[in-house]
Amino acid sequence: MEKIRFVGLDVHSRSIAVAVAEANGLPPENLVTIPTDTAALMKQLKKLGPLKNLRVCYEAGPTGFGLCRDLSAAGVNCVVVAPSLVPVQHGDRVKTDRRDAVKLARFLRSGDLTPIHVPEPETEAMRDLERARDDAKNAQRAARQQLGKFLLRHGRRYEGKSAWTSAHLEWIRAQRFTQQAQQRVTVDYLKAVEDATARVERLTKDITELVEKWSLAPLVKALQALRGVQLVTAVIIAAELGDLARFKTPRELMAYLGLVPSEHSSGESKRRGRITRTGNKHVRRALVESAWSYRYRPSMSAVIKKRNKGLDDGVQKIAWKAQQRLHGRYTRLMEKGKTKQKTVVAVAREMTGFIWAIARQVEQVAQNKN
């Protein structure tokens, strides 16, 4: 009988703590702490026996997925686990790298760890790009808030309809202060807003150019058939989720995104609370933002028609059904007295099911072509 060994790795930028747990149930043993180097790690793993008999894991973190890909390429069964779902032993007040490695090895053996999906390098690269744009949007928002608060503090109120339009920016440029220091502050804040805006535009252009060469480009185009889902939102969904085929049902995807209600039930008592907010927060936020568009009656605007052009008929039917169903859902919940925020979250949860259906349709079309 082949001897299976479970290896826990506590990975940091400069060191890796290695621990091993035997399949016979004996307490895990801490082995060694080595520099963060794949070759050095492989040397240690080979001492444990045939690589095919090893089960290796480490927590997702800033070191990324490179180590997992290297070990998998060498024939090692390696998984990356979600740190937030690693069981916690209450009362344990000692935390070291070696103890963390031992804990991972023990829980890997018992099956109490939750692996996460390791994206393809191409998909991870696109995810880095869309997250960089998200960071740029946050920086732009912060720069705008700082400038707006500064002007408001000195009684400068814009009376136009919309903020941060060309007319608004011209109004800001026309502001004059008697104190030279305040005038320079205005110029500096305005320059920060313009630089942040230029960065957002530059990264958006990069996404537009590179998405055409991406393997998930068909999914990105299909998702844009949905109301409220334009290019950037579609890229966020595809890049963050990757292969949606791993979700067997729409509810699995909803749970992964943290859009299902939390529950605390015991005996005959059943209590459900707000959504769990677990999983990928980037997609969850994008879906909630998109869900606001379903408060309007179903319609095929010129923009939506343009995005639907050339798409599979099945995808278009799913998108139109989503408009009808989600608007009806929004209307019914509002009539029951639900708040707009709770209603929109409920619509976002149901919208996730249509995204899952479109992904399945795209996959089916690709299989038929092959």
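From a predicted model like this one, the values you see are computed outputs, not experimental measurements.

Engineer: So what exactly am I meant to see when it comes to the overall build of the chain here?
Structural biologist: If you tally the helices and strands in the chain, you get 13 helices and 7 strands. Each principal axis of the C-alpha distribution contributes one length, and for the chain these read about 75 × 60 × 50 Å. Sorting the 370 residues of the chain into buried and exposed places 41% on the buried side. Put simply, of all contacts in the chain between residues at least 6 apart along the chain, 61% involve residues at least 24 apart. About 21,400 Å² of surface is accessible on the chain, with carbon and sulfur atoms providing 50% of the total.

Engineer: How should the pattern of salt bridges be read in this particular structure?
Structural biologist: Pairs can form between side chains of opposite charge whenever their charged atoms are close. Enumeration over the complete set of coordinates arrives at 14 salt bridges. Residues Arg 173 and Glu 194 are paired through a salt bridge, measuring 2.8 Å at the closest nitrogen-oxygen approach. Here Arg 173 is found in helix H5 (residues 166–173), whereas its partner Glu 194 is found in helix H6 (residues 180–210), with 21 residues between them in sequence. What makes Arg 173 partly exposed here is its relative accessible area of 34%. Connected through salt bridges with shared partners, the residues Lys 3, Arg 5 and Glu 22 form a single ionic network.

Engineer: I would appreciate a short explanation of the confidence of the model for the chain in the present structure.
Structural biologist: Predicted coordinates in areas of low pLDDT are best not read in detail. Of all residues in the chain, 100% have pLDDT values of 70 or greater, and the mean over the chain is 94. Mean pLDDT per element in the chain: strand E7 (residues 272–275) is the minimum at 84, and H6 is the maximum at 98.

Engineer: Would you mind going over helix H3 (residues 97–110) with me for this structure?
Structural biologist: For the α-helix, the turn length of 3.6 residues means that residues three or four positions removed from each other point alike. In this model H3 runs 20 Å from its N-terminal to its C-terminal C-alpha over 14 residues, within 8% of the 20 Å that 1.5 Å per residue would give. Among the residues of H3, Asp 100, Ala 101, Val 102, Leu 104, Ala 105, Phe 107 and Leu 108 are the ones counted as buried. Note on H3: the residue one or two positions beyond its end, Gly 111, has a positive phi of about 80°.

Parameters and conventions
Residues numbered from 1 in each chain as written. Predicted model: local features only at pLDDT ≥ 70, side-chain atom pairs only at ≥ 80, totals over all residues. Heavy atoms only, no water. Helix = DSSP H or I, 4+ residues; strand = E, 2+ residues; numbered from the N terminus. Buried < 20%, exposed > 50% of the residue type's maximum accessible area, 1.4 Å probe, protein only. Contact = heavy atoms within 4.5 Å. Areas by Shrake-Rupley, 256 points an atom, 1.4 Å probe, with all protein chains shown as cover. Salt bridge = Lys/Arg side-chain N within 4 Å of Asp/Glu carboxyl O. pLDDT = per-residue confidence, 0-100. Expected span 1.5 Å × (residues − 1).

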